[in-house]
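Close look at the chain arrangement
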Amino acid sequence: MFKIGNVEIKNKVIIAPMAGVSNIAFRTIMKEFGAGLIYAEMVSDKALSFRNEKTLKMIRVVPEERPLSMQVFGGDKESIVKGAMIIDQESDCDIIDINFGCPVNKIVKSDAGAKLLLDPQKIFEIVSEVVANVNKPVTVKMRTGWNNETIYAVEIAKLCEKAGAKAIAIHGRTRSQMYTGKANWDYIKQVKEAVNIPVIGNGDIKSPEDAKRMLDETGCDAVMIGRGVLGNPWLCQQTVEYLETGTYIKVIEDEERLNRIINHMDRLIELKNEKIALLEMRTHAAWYVKGMKGASFVKREIGSIKTREDLHKLVESYRKYLKEGPM
């Protein structure tokens, strides 16, 4: 267990914010699989300020997913502060995180996300102002730098701590790497050695062994898993077990994977309308069956589903195939 400000985090496994994925349906699943802390998908400071209905729904939190971190992004100090204040006052989240790491073009073009890594002083000013205007603990998620020539991770981490941030999550890639190449954990270690607040390491955690290795090599306080849990929430549970006991159950039964597809679908339908939920489930279902026997059949047929019943029938057909052979 460790603390971020006054918030107790029961273990060292943290789930990263993922756009289009980290909604309540996904987050409650990850909580059931043992995550110590979950980050919600990032929300726009300006959309919050304009009282955008969809964005205001995104900051809703249910009790069973707490503790939860709500992440805000933006390129303008005053706007980020205003957005953070709305989260502070209107969301039941426990932590407010500021995004300084998103690498996608539409975000960096608005001088937000990873673009701010080029301006450490502006980051300091943003974090200082947010901390001064909210009651919840404030944290930062960032990358190592914009590119290999602008690695300011240690400098920015020190400034964030000085500004009042209560923890730092650092992805061991630069913005120019996007999600390719290898995460450089050495920078995570350097940040951990430079500050006295908790540091969460992120990047290339694909197995419980990876998580243990990151903790050992960098000295970080916790590990953050992102893409590794897509269609595989068991990775979270396995990692928690491995870090606590040194062992974990390695084989996930096909039945369990198929049942989880239905469960995830029903949670999404409850959260959104059936049409939108099923569009999202096309991607999730493909993730869940990845690596399973005959998974190409599901991936081929998934594009035609339009109703809950369609997906249920597809899953049952696949279940029958796994037991009896080709359909």
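All values reported here derive from a predicted model rather than from experimental measurement.

Conventions used here
- Residues numbered from 1 in each chain as written.
- Predicted model: local features only at pLDDT ≥ 70, side-chain atom pairs only at ≥ 80, totals over all residues.
- Heavy atoms only, no water.
- Helix = DSSP H or I, 4+ residues; strand = E, 2+ residues; numbered from the N terminus.
- 1 Å grid on protein atoms, 1.4 Å probe; cavity = no way out; pocket = protein on both sides within 12 Å on 5 of 7 lines; lining within 4 Å.
- Points joined across faces, edges and corners; volume = space filled by probe spheres on them.
- Phe/Tyr/Trp six-rings, centres within 6.5 Å; stacked < 30°, edge-to-face > 60°.
- Buried < 20%, exposed > 50% of the residue type's maximum accessible area, 1.4 Å probe, protein only.
- Lys NZ or Arg CZ within 6 Å of the ring centre and 35° of its normal.

1. Some details on the environment of Ser317
- Topologically, Ser317 is positioned in helix H14 (residues 308-324).
- For the pair Ser317 and Glu193, spaced 124 residues apart in the sequence, the C-alpha separation amounts to 53 Å.

2. Brief notes about empty space enclosed by the protein
- Going through the model one piece at a time under the given rule, you end up with one cavity of 30 Å³ or more.
- What the largest cavity holds in volume is close to 30 Å³.
- Lining the largest cavity we find Phe26, Ile29, Met30, Val229, Gly231, Pro233, His264, His284 and Tyr288.
- Among the secondary structure elements, those contributing two or more residues to the lining of the largest cavity are helix H1 (24-32) and helix H12 (274-289).

3. Overview of the packing of aromatic side chains
- Scanning the model with the defined rule gives four aromatic pairs in all.
- Between the aromatic rings of Phe33 and Trp234, the centroid separation amounts to 5.6 Å while the plane-to-plane angle is 80 degrees, which identifies the pairing as edge-to-face. Highlighted residues: Phe33 in the loop between H1 and strand E4 (37-39) and Trp234 in helix H10 (residues 234-245), separated in sequence by 201 residues.
- Between the aromatic rings of Tyr318 and Tyr321, the centroid separation amounts to 6.1 Å while the plane-to-plane angle is 15 degrees, which identifies the pairing as stacked. One end of the pair is Tyr318 and the other is Tyr321, both in helix H14 and three residues apart, which spans about a single turn.
- Assessed through its relative accessible area of 14%, Tyr321 is described here as buried.
- A network of ring pairs unites the aromatic residues Phe33, Trp234 and Tyr288 as a single cluster.
- Stacked on the ring of Tyr179, the Lys or Arg Arg143 has its end atom at 5.0 Å from the ring centre.
- Over the aromatic face of Trp234 sits the side chain of Arg257, whose NZ or CZ is 5.0 Å from the ring centroid.

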